[in-house]
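Notes for the structure review
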Amino acid sequence: MTSKVTTEVLEKGTKQVKTILQIAQKQKTKIRYDKKAESEFFVDNSALAGFTGERILYMSVRELIENSLDSCEINHILPNIHLRLKLLDGLNDLWTISCKDNGIGIPSEKVPVAVCSFLTSGKYVEKQQRGLFGVGLKMIAAFSTKDTDHPLRVWSKSEEESECYFDLRTDIGTNKPITLFKKNVKNDESQIEGESGFKVEAVLRAKLSPVTKNKIYDYISQTSIVNPYAIITFETDEGKVTFKRRTEIMQNPSREVLPHPYDMDLKTLKKAIFNFMNQKTTLQGILSNSFQKMSNDKAKEIITRAGLPIKPADKYDEHELIKVVNVCKHTKFQSPNTDHLSPIGEKILTVGMTSEYSIILNKETVNSGSQTQLSAKILKPALTAYSSRICIVNNRPTIVECGIAYGGDIPSFKLFRFANKIPLLYDEGSDVAREVISEVGINKMGISKKEVKEQYSHVETKSDRTVEYLPIHIFFHICSTKIPYKTAGKESIASEGDLKKYMKSCLSDLYRKVSAQIRRELKLKEDENKLRLYKHYIPFIIDAISESIKIDSKKLSIAFQNLAERYVSGELINITKQIIPESNQKRNQINDKKNAVNNDNGNENNLNKYDMRTRVSKDGNKTKLDKINVHRKITKK
């Protein structure tokens, strides 16, 4: 038997038994629909922006440096960035992080909104830029408000205004900034030295694990590779390190570009019409002025094919506008422009690869014990190469750049990934660059897996990919107005369109460029191994010779070693002639004497060339034996 859960309800003195289902039907409530502020949404779902527990400090460093670089490059200013990360309270895991740059700054009336209000940014345009969602600095302000009682401190100075100081916090429930304090900074209290700049300082609650610390070091080091025109100073409790400016060459800043008509949708078309709302413009004029590669004749043709009547642009309804969108989807247009993009370029990337900075920790012994000290190490490769391709991904022009640094100070294989000059450090296994490395074989270099593994057998790697045995650094940079990121955290790139195809083409091209140098080094390593083997056995050979004949073992050892070195270097083609030249001469003299004797005896020398039993030449079966006159003695009876 099954027992039912019942409840006893006493009504008017009578006892009635009702089931839970019957009660639930009477307790039905209506669903409430509430609105959540943008700031509250992102704080509750911080993983969307990459601000998870272990990555808070890493993402903060990343967002501050990216904002500083964008602020400088927009006006073609050589960046000078100072980043500081200090432990404030170790017991409560409180850290102070600050970043100062010499960029264009932010106007004082825009500072509170630009720093604290989510989804408020000047980057929501069709343009190549490091920022994507406009939430990086806002997440730092929100986390500082949520976890600490310290305000966010901001200094801003633009060319039009003097330096201003703010104490700010974020109202997470309403997504509005709270200005606690504001003042104009006097000259003696100024934090910004140049004509313009920006500085922000925040207190965050976070844990800094050794893995996260190394990621921060790698991020700053790799940022200096693709931005060698920037001075980056990084200061922590363990020391201070400066990445010097290695070149003053800067690419032209990226420019805003009109969307391509093939990528048109109803929202984009309605927005274009809204932008011309105050002007009496036809739909034909809006199409030609709001989209690239769209002439007046092309716009007129599209409207005609859509079967729309001629009337003001704001009088068309959605049903009519969607016809225009559908026609554009089936119309062939010219490829999008690429001159608005700002790639790294061969000169700048080569400078970064040939003087590659990396942060290292040195342990120093002092009276109180051992301490760690930050320092920068510069890696100089023996060879660098560069290649690039232009392709279309999601109907947006994309530039693929690839670089290789080989040999020299480079100890082992490493893959570097960049998107719009941003280093990507996490989720490497799911990135398209890792797929390209796996699919492009080293046979493009003209070497085999066996050769590489034999000469680099000492390399410690868990991978089966042969290229990872070589001392080589491979750099991939994707440059576009919209990078096809896999996640909102912007850590890995998806393989969309022909992106992988062009990346493989770049890498194959570079493999061919460095193939001669790699083959040459493999030959040298093989010769070194041979010479090491010969020198190992030479003492045993000398001992054996010394036991049978009296000879100076030291002189013999030197002679054998010189002989081995000359043979390995290719100076000696036939080593046996060099080892015992006198015996060869004696053997040749004996053979000459034998030949002379045979010639004196008449045809004996010729007879040696024939097999008398088969009457066939020993040199070949097609030569017949000639008649031989043999002189015989005639005896008288």
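Residues numbered from 1 in each chain as written. Predicted model: local features only at pLDDT ≥ 70, side-chain atom pairs only at ≥ 80, totals over all residues. Heavy atoms only, no water.

1. Considering the overall build of the chain
Scanning the chain for helices and strands turns up 18 helices and 19 strands. Expressed as a percentage of its 637 residues, the buried residues of the chain come to 43%. Expressed as a percentage of contacts within the chain between residues at least 6 apart in sequence, the contacts between residues at least 24 apart total 68%. (Helix = DSSP H or I, 4+ residues; strand = E, 2+ residues; numbered from the N terminus. Buried < 20%, exposed > 50% of the residue type's maximum accessible area, 1.4 Å probe, protein only. Contact = heavy atoms within 4.5 Å.)

2. Details of the packing of aromatic side chains
Tallied over the full model, the rule gives ten aromatic pairs. Pairing Phe41 with Phe42 gives two aromatic rings, centres 5.4 Å apart and planes at 80°, and the pair type is edge-to-face. With a centroid separation of 6.0 Å and an interplanar angle of 70°, the aromatic rings of Tyr217 and Phe234 are classed as edge-to-face. Taken together, the positions of Tyr217 in helix H6 (residues 210-226) and Phe234 in strand E9 (residues 231-236) put the pair 17 residues apart, joining distant regions of the chain. Both residues of the pair, Tyr217 and Phe234, belong to the buried class. One aromatic cluster is present, built from ring pairs that chain together Phe41, Phe42 and Phe118. (Phe/Tyr/Trp six-rings, centres within 6.5 Å; stacked < 30°, edge-to-face > 60°.)

3. Section: the sheet that holds strand E8 (residues 197-205)
If you walk across this open sheet you meet the eight strands as E7-E6-E5-E8-E4-E3-E9-E10, and the pairing is mixed. Taken across any chain shown, the strands that pair with only one partner, and hence form the sheet edges, are strand E7 (176-184) and strand E10 (239-243). Strand-to-strand twist in this sheet, taken as the mean axis angle between neighbours without regard to direction, amounts to 15°. As defined by bridge partners, strand E3 (residues 80-89) adjoins strand E4 (residues 94-101) across seven bridges and the pair is classed as antiparallel. (Pairing = 2+ DSSP bridges. Axes fitted to C-alpha atoms, helices over the stretch in contact; angles between N-to-C directions.)

4. Some thoughts on helix H11 (residues 346-354)
If you check which residues of H11 are buried, you get Ile348, Leu349, Gly352 and Met353. Axial view of H11: buried residues confined to an arc of 130°, hence all on one face. (Arc of directions from axis to C-beta.)

5. Re the pairing of E3
The sheet contact formed by E3 and E9 spans five bridges and is parallel. Looking at E9, one finds that His82 is bridged to Thr233. Here E3 folds back onto E4, and the loop between the two strands holds four residues, one of which, Asp93, carries a positive phi near 55°.

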